[in-house]
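# Architecture and fold: a report
These are the residues of each chain, in order.
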Amino acid sequence: MTLFKPTSKPTSLSTYPIGRFAPSPTGELHLGSLTTALASYCHIKSLGGDWLLRIEDTDTERCDRQFSEQILIDLETLNLHWDGDVVYQSERIDIYDEYLSSILVPLTYGCLCSRKSLERYWERKAIIESANLQNATQKLLNRQRYPRCCIEASLAKDQYKLRLQLPDYLIGFQDGIQGLQWDNPQQTLGDMVVRRQDGMINYILAASLDDGLQGVTHIMRGLDILPMTTAQISIMRAARLPAIDQWYHLPLICNPDGQKLSKQNLAQPIDTRKPSQLIAMALQLLQQPAVDIDTPARMLKQAIAQWDNTPLQGKDTLNTPTH
């Protein structure tokens, strides 16, 4: 196993900063997603760059066009204006399939394993390899990687779910908020399902290809995506797309009880009837210098001028106020 592979090549196409906000329309924006949008906007604008908007709606079962429209309305109300046209991943499936059927072919294979069959596999393996039931239970908790049951089966790739082999070596990258990161994507994630049997494209594959194709240079997103980053680096390299110049993974926004704000946890949608107060609250949560309460446009101009990642560095979470 190779111990280390540098991530510096291929380099990005341009030194012009390009950031992006890429929400999934499985619900309306909440305070957690708003802070990600605001932080990525202010940061890239402080560098004089463009802020792209991409709607990551490949999950046709959970995504809704109504939520996509509401996200755009909310961003415009808050004066978070994107550069260029909005990109909808649901309209780009042919592009992802083209990569899977061309440059990424050597890394893919068909798989017929169901979740239930994998559960049975890990249960048997844990019991066989463990001296007692307690150890077996611990092994069950640690299972993540796909055991490559189908890698030699030569299954038709268009009839079964499609897996992509991730490299088995350490990859390092500098995160502008979380510091130096190292991970082995094969050991952490194994061979990922990049296309389901019904044709649905995996999030990280679509995001990786689009970030490269859109020329994104700076990615600022939530800390919950950090474990996927070396997989994204690997996919972009395999697809011969330009590398991301700078990574930033923001602390997760949590409620006063320490629970992450998310749609799954029924986080409340933002209320944009008082946009200036909402921007001020989000900036305070991001530990940015205070701005004067004014129109959203003027507040954002001030926030951009004084944007600073330093207060966020090394933090895993940020808690919302108790009131």
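Residues numbered from 1 in each chain as written. Predicted model: local features only at pLDDT ≥ 70, side-chain atom pairs only at ≥ 80, totals over all residues. Heavy atoms only, no water.

### As for the confidence of the model for the chain
Spelled out, the test is: Here pLDDT means the predictor's own confidence in every residue, given as a number from 0 to 100. Residues count as neighbours in contact if any of their non-hydrogen atoms are within 4.5 Å of one another.
In this model, the chain carries a mean pLDDT of 89, and residues with pLDDT of at least 70 account for 86%. Across residues 1–13 the pLDDT falls below 50, and counting only partners more than four positions away or on other chains, this stretch makes 31 contacts in the model.

### Section: the pairing of strand E7 (residues 170–175)
The following threshold applies: Strand pairing follows a simple DSSP-based rule, namely that at least 2 bridges must link the two strands. For the purposes of this entry, the term helix denotes a DSSP run of H or I that reaches at least four residues, the term strand denotes a run of E that reaches at least two, and both are numbered from the N terminus.
Here E7 pairs with strand E8 (residues 179–183) via 5 bridges, running antiparallel. Its bridge partner lying in E8, Asp-175 is registered against Gly-179. Between E7 and E8, which pair antiparallel and follow one another directly, the connecting turn spans 3 residues.

### Describing the packing of aromatic side chains
The condition that has to hold: Ring geometry is summarised as follows: Phe, Tyr and Trp rings, the Trp one being its six-membered ring, pair when their centres sit within 6.5 Å, and such pairs are stacked at plane angles under 30 degrees, edge-to-face over 60 and tilted between the two. Remark: exposure states derive from per-residue accessible area (1.4 Å probe, protein chains only) relative to the maximum for the residue type, with buried under 20%, exposed over 50%, and partly exposed in between. Each ring is checked for a lysine NZ or an arginine CZ that lies within 6 Å of its centre and within 35 degrees of its normal; such an atom marks a charge sitting over the ring.
Tallying each qualifying case throughout the model produces 3 aromatic pairs. A ring pair is formed by Phe-21 and Trp-51, whose centres lie 6.0 Å apart and whose planes are at 10°; its orientation type is stacked. Here Phe-21 is found in strand E2 (residues 18–21), whereas its partner Trp-51 is found in strand E3 (residues 50–55), with 30 residues between them in sequence. On the basis of relative accessible area, Phe-21 is assigned to the buried category, the value being 6%. On the accessibility criterion, Trp-51 (0% relative accessible area) is buried. Clustering of aromatic rings is evident, with ring pairs tying together Phe-21, Tyr-41 and Trp-51. When the ring centre of Tyr-88 is taken as reference, the NZ or CZ atom of Arg-65 above it lies at 4.1 Å.

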